[in-house]
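Each chain, written out:
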Amino acid sequence: MKLILAGVLAGLLAATAAKADEMVFTSWGGTTQEAQIKSWAEPFTASSGIKVLQDGPTDYGKLKAMVDAKNVTWDVVDVEMDFAIKAAKDGLLEPIDFAVVPKDDLDPRFSNEHAVGSFYYSFVLAWNKGAVSGEPTSWADMFDTKKFPGKRTFYKWSAPGVIEIALLADGVPADKLYPLDLERAFKKLDMIKSDIVWWGGGAESQQLIASGEAAFGQLWNGRVFALEKDGADVGVSWNQNLTAADVLVVPKGAKNKDSAMKFLAAAASPAGQAKFAEASGYAPVNTKAKAEMPADVVKGLPDAHVDGQINLDMNYWAEHRDEIATRWYAWQTK
Amino acid sequence: MTANALRRQSFAGLPAGSGGALPALTLVGLFFIVPVVALLLRSVTDPEPGLQNYAALFGSGTYVRVFFNTFLVAAVVTAVTILVAFPVAWMLAIMPPALGSIVFGIIILSMWTNLLTRTYAWMVLLQRTGVINRALMGLGVIHEPLPLINNLTGVTIGMVYIMLPFMILPLVGSLRAIDPMTLRAAALCGASPLQAFRRILLPLSLPGIAAGGLMVFVMSLGYFVTPALLGGTSNMMLAEMIAQTVQSLLNWGLGSAAAFVLLAVTMALYAIQLRLVGAKRLGGGL
């Protein structure tokens with residue numbers, strides 16, 4: 001409370017100052033952005049006096065349009081990592097100033113020259129205990145409509161995750177996933193296509209599972225964490241959990257680049273990461289963050305389930321994004 | 001005729017008072033014509049000059065399928081909306097005005113509620129574990145939940161509900177213009193109610209049906225939220241596909257081409273309808 005007050009006060013002071021320093025942070029809205037405001041923006045404003053204006057949701061089309069038009073109004077943007085790699089290649093991003101952002105403690109899986117990790121998460125298998133008899137234990141179970149009847153829900157958009165799940169369910173070993181065999185994945189998905197309900201956003205995935213509208217689903221672990229916290233009767237299997245990450249980037253030509261770099265340093269700091277993880281259930285990208293978190297929170301993080309954990313290959317996806325998307329929508333709309 | 005009036009009348013051959021349309025024309029020019037031209041330019045210049053975006057569009061089975069879906073959904077929605085709206089409009093037209101304005105108010109009231117909220121409400125009603133399926137299963141009418149959502153049925157229900165006022169309004173206008181005595185005359189001449197409907201009421205209300213139908217059809221073509229939430233991926237409509245192309249694939253050129261083709265087809269349909277129904281009658285229905 002004190003901290004929030006201090007943040008508000010600092011914000012007011014900054015606003016009344018003649019040369020109020022400001023910057024714009026853009027993320028996906030909802031509970032995630034709320035947690036980012038509480039864990040990063042407010043303490044950052046308190047300590048630096050730089051006011052952080054919020055915008056959202058993240059829109060890659062808008063980001064590109066801003067950079068193309070050389071009128072960039074976003075300073076820090078939360079994006080999916082495969083997009084960040086592609087965007088850096090297309091010249092849409094500023095390089096990170098690692099003189100300002102300490103690099104040593106950042107998990108190298110989720111940061112690179114043009115991006116600092118925001119948080120990382122796992123796709124897990126979640127189910128409604130009232131709608132499922134027995135316990136599904138692997139992605140293969142989601143494709144077994146005899147043993148586990150009912151609707152299943154998957155992420156609607158072309159993104160790392162579903163293709164890999166289909167291949168794992170079809171018996172492809174985790175270390176042989178890439179390059180992705182799209183033909184085989186779609187053939188496997190065809191088997192259950194009529195039983196799939198797609199979710200387009202996190203809230204929708206929660207609603208589908210909590211109501212039993214879908215018996216099982218591929219969900220972001222943070223969303224399952226929130227369901228459990230709300231007392232929903234859900235089960236979760238971490239077997240073969242698939243990691244992916246959101247990262248923070250600075251669009252090329254951002255107006256407040258210096259403030260943006262300072263913000264990144266605060267967001268990726270052990271304290272910023274620990275606070276965010278505690279609020280969201282997503283995992284920290286700073287290896288020192290765990291030391292600052294309560295033990296029961298650490299237990300619920302993807303970090304606690306590295307056994308059988310599979311890292312989705314962001315570089316592969318960045319390279320083949322368009323090609324996979326074309327195939328994905330062709331299959332989906334059929 | 002005063003000199004002033006004469007001068008006004010002869011101004012560019014436009015009728016007197018045309019100057020009042022200037023603000024509206026400027027608005028449309030600035031915020032519709034200019035963006036449309038920019039869109040067209042983008043579709044033939046991004047990423048490089050040429051027609052490759054259009055070639056990609058028509059060469060892509062996905063886009064062709066989504067185009068077909070879009071027009072199918074819009075046609076089904078328009079047809080169902082006309083069927084549902086007609087009896088309501090007729091009732092409104094013959095009702096005492098005081099009662100009529102109350103019913104009218106109820107219809108308009110639904111338009112004041114947020115679109116997203118209304119669509120979510122339909123999700124709650126239509127889903128497998130939703131109110132309708134639970135009630136029917138509780139009553140023993142059905143044993144398996146009916147597939148009312150994530151398909152064409154769900155999209156149609158949700159969109160017809162939203163489009164109804166846009167159909168009812170022009171229909172009431174053209175129905176009110178019909179002299180009730182014509183129907184009485186038909187009855188006196190021995191026409192059955194069905195005959196009177198088919199040969200008197202329907203032809204006379206055609207301008208209203210055409211005006212409302214066109215509006216509903218065109219609005220349906222560009223719909224985004226409702227099909228995205230109540231439809232399945234096999235009913236994906238063009239607006240959603242364009243959003244994906246631009247937002248996620250960053251392919252502004254292809255997105256622009258798709259949007260432009262949709263606009264062109266819509267305009268063509270409008271032109272055909274003008275020829276069939278006649279601009280005057282269409283305008284009179286509004």
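What counts, and at which threshold
- Within each chain, residues carry numbers counting from 1 in the order of the written sequence.
- Whichever chain is written first is A, and whichever ligand is written first is 1; the rest continue in order.
- Reporting of local features is limited, given that this is a predicted model, to residues whose pLDDT is at least 70; pairs of side-chain atoms are given and counted only at 80 or more, and all residues count toward the totals for whole chains, interfaces and linings.
- Helical segments are the DSSP runs of H or I of at least four residues, strand segments are the runs of E of at least two, and each set is numbered from the N terminus.
- Exposure classification rests on a simple neighbour count of other C-beta atoms within 10 Å of a residue's own: a residue reaching 20 or more is buried, one at 12 or fewer is exposed, and one in between is partly exposed. C-beta atoms are placed from the backbone.
- Residues are defined as contacting one another if the C-beta atoms placed from their backbone atoms lie within 7 Å.
- Orientation is described by lines fitted to C-alpha atoms, with helices fitted over the stretch in contact, and by angles between N-to-C directions that extend from 0 to 180 degrees.
- Here is the rule for angles: anything less than 35 degrees is roughly parallel, anything more than 145 is roughly antiparallel, 65 through 115 is roughly perpendicular, and the remaining ranges are oblique.
- Handedness of a crossing follows from how the near helix is turned relative to the far one, being left-handed for an anticlockwise turn of less than a right angle and right-handed for a clockwise one.
- Ten residue types, Ala, Val, Leu, Ile, Met, Phe, Trp, Tyr, Cys and Pro, are classed as nonpolar, four, Asp, Glu, Lys and Arg, as charged, and the remainder, Gly among them, as polar.
- Where each domain begins and ends is defined by an automated method or by a domain database.
- Multiplying one less than the number of residues by 1.5 Å gives the expected span of a helix.
- The bend at a residue is defined as the angle formed between two axes, one fitted to the seven residues ending at that residue and one fitted to the seven starting there.
- You can read pLDDT as the predictor saying how much it trusts each residue, on a scale of 0 to 100.
- The rule for pairing is simple: two strands pair if DSSP sees at least two bridges between them.
- By convention, a crossover is right-handed whenever its connection, traced from the first strand over the helix to the second and viewed with the strands pointing away, goes clockwise.

Now for the overall build of chain B. When helices and strands are counted, chain B shows 14 helices and zero strands. Its helices and strands taken in sequence order, chain B reads α-α-α-α-α-α-α-α-α-α-α-α-α-α from the N to the C terminus. Looking at chain B as a whole, 30% of its 286 residues are labelled buried. Sequence-distant contacts in chain B: of pairs separated by 6 or more residues, those separated by 24 or more amount to 75%.

With that out of the way, let us pick up unusual backbone geometry. In this chain, Gly56 of chain A is followed by Pro57 of chain A through a cis amide linkage whose omega measures -5°. In this fold, Pro57 of chain A is placed in the loop between β2 (51–55) and α3 (60–68). The step from Asp46 of chain B to Pro47 of chain B runs through a cis peptide bond, and the omega angle for that step is 5°. Secondary-structure assignment places Pro47 of chain B in the loop between α2 (22–45) and α3 (52–59). Unlike most non-glycine residues, Lys70 of chain A shows phi in positive territory, near 55°. Within the secondary structure layout, Lys70 of chain A lies in the loop between α3 and β3 (76–80).

What follows covers the packing of helix α4 (residues 81–89) of chain A against helix α13 (residues 314–332) of chain A. All names here are of chain A. At a closest axis distance of 8 Å, the pairing of α4 and α13 adopts a crossing angle of 60°. On the basis of the axis angle, α4 is oblique to α13. The two elements α4 and α13 meet at a crossing, and its hand is right-handed. Between α4 and α13, the residues in contact are Met81, Asp82, Ile85 and Lys86 and Met314, Asn315, Trp317, Ala318 and Arg321, respectively. For the contact of α4 with α13, the residue count by class is five nonpolar, one polar and three charged.

Let us now look at the interface of chain B and chain A. Across the contact, 17 residues belong to chain B and 19 residues belong to chain A. For the side of chain B that touches chain A, the secondary structure elements donating two or more residues are α4 (61–94) and α12 (238–247) of chain B. Here the side of chain B that touches chain A is composed, by residue class, of six nonpolar, nine polar and two charged.

Here we come to the domain arrangement of chain A. Residue and element names in this part refer to chain A. When the domains of chain A are assigned, the result is domain 1 (2–120 + 245–304) and domain 2 (121–244 + 305–332). Here domain 1 and domain 2 have C-alpha centroids that lie 27 Å from each other. With four residues, the top contributor of residues to the side of domain 1 that touches domain 2 is α4. Grouping the amino acids of the side of domain 1 that touches domain 2 by side-chain chemistry returns nine nonpolar, five polar and five charged.

With that settled, consider helix α2 (residues 30–48) of chain A. Residue and element names in this part refer to chain A. Here α2 contains 19 residues, and its C-alpha end-to-end distance of 26 Å stays within 8% of the 27 Å for a straight helix at 1.5 Å per residue. Roughly 40° is the biggest bend found in α2, and it falls at Ile37. All of the buried residues along α2 are Thr32, Gln33, Ala35, Gln36, Ser39, Trp40, Ala41, Glu42, Pro43, Phe44 and Thr45. Gly49 sits one or two residues past α2 and shows a positive phi near 80°.

So, about the packing of α4 of chain B against helix α10 (residues 193–221) of chain B. Residues and elements named next belong to chain B. Two elements in contact, α4 and α10, have axes whose closest approach is 9 Å; the angle formed by their N-to-C orientations is 140°. Classified by chirality, the crossing of α10 by α4 is right-handed. Touching Thr70, Val73, Ala74, Val77, Thr78, Thr81, Ile82 and Ala85 of α4 are Ile209, Gly212, Gly213, Val216, Phe217, Ser220 and Leu221, all from α10. Considering only residue class, the contact of α4 with α10 consists of nine nonpolar, six polar and no charged.

Residue and element names in this part refer to chain A. On the secondary structure map, His114 appears in the loop between α4 and β4 (116–128). Judged by the 20 C-beta atoms lying within 10 Å of it, His114 falls in the buried class. Taking the C-alpha atoms as reference points, His114 and Arg327, separated by 213 residues in sequence, lie 28 Å from one another. Apart from the residues lying within four places of it in its own chain, the contact partners of His114 are Ala84, Ala88, Leu93, Pro95, Ile96 and Val249.

To continue, consider the confidence of the model for chain B. All names here are of chain B. Model confidence for chain B is summarised by a mean pLDDT of 87, while 91% of its residues fall at 70 or above. For chain B, helix α1 (residues 3–10) is the element with the lowest average pLDDT, namely 47, and α4 is the one with the highest, namely 94. Every residue in residues 5–11 scores below 50 in pLDDT, and together they form five contacts with partners more than four places removed in sequence or on other chains.

A few words now on the environment of Thr326 of chain A. Mapping Thr326 of chain A onto the fold places it in helix α13. Distance in space between the C-alpha atoms of Thr326 of chain A and Asp307 of chain A is 33 Å, their sequence separation being 19 residues.

Residues and elements named next belong to chain A. Summarising burial for strand β1 (residues 22–26): four of the five residues are buried, a large majority. One ladder, built from five bridges, connects β1 with β2; its direction is parallel. Residue pairing across strands places Thr26 opposite Asp55, the latter belonging to β2. The parallel pair β1 and β2 is bridged by α2, and the resulting crossover is right-handed. Relative to β3, β1 runs parallel, the two sharing two bridges. When the bridges of β3 are listed, Phe25 appears paired with Val76.

The next thing to look at is the confidence of the model for chain A. Residues and elements named next belong to chain A. Looking at chain A as a whole, its pLDDT mean stands at 91, while 94% of the residues score no less than 70. The least confident element of chain A is helix α1 (residues 2–16), whose mean pLDDT is 44; the most confident is helix α6 (residues 162–169), at 98. A low-confidence stretch, residues 1–19 stays under pLDDT 50, and its non-local contacts, those more than four residues away or across chains, total 21 contacts.

Turning our eyes to something else, we now look at α4 of chain B. Taking 1.5 Å per residue as the helical rise, α4 of chain B with its 34 residues ought to reach 50 Å, and the 50 Å between its terminal C-alpha atoms agrees with that figure. The sharpest bend along α4 of chain B measures roughly 30° and falls at Ala85 of chain B, with the proline Pro87 of chain B sitting one to four residues further on.

We now examine the pairing of strand β5 (residues 152–155) of chain A. Sheet analysis places β5 of chain A next to strand β6 (residues 196–199) of chain A, joined by four bridges and oriented parallel. Counterpart to Phe154 of chain A in the pairing with β6 of chain A is Trp198 of chain A.

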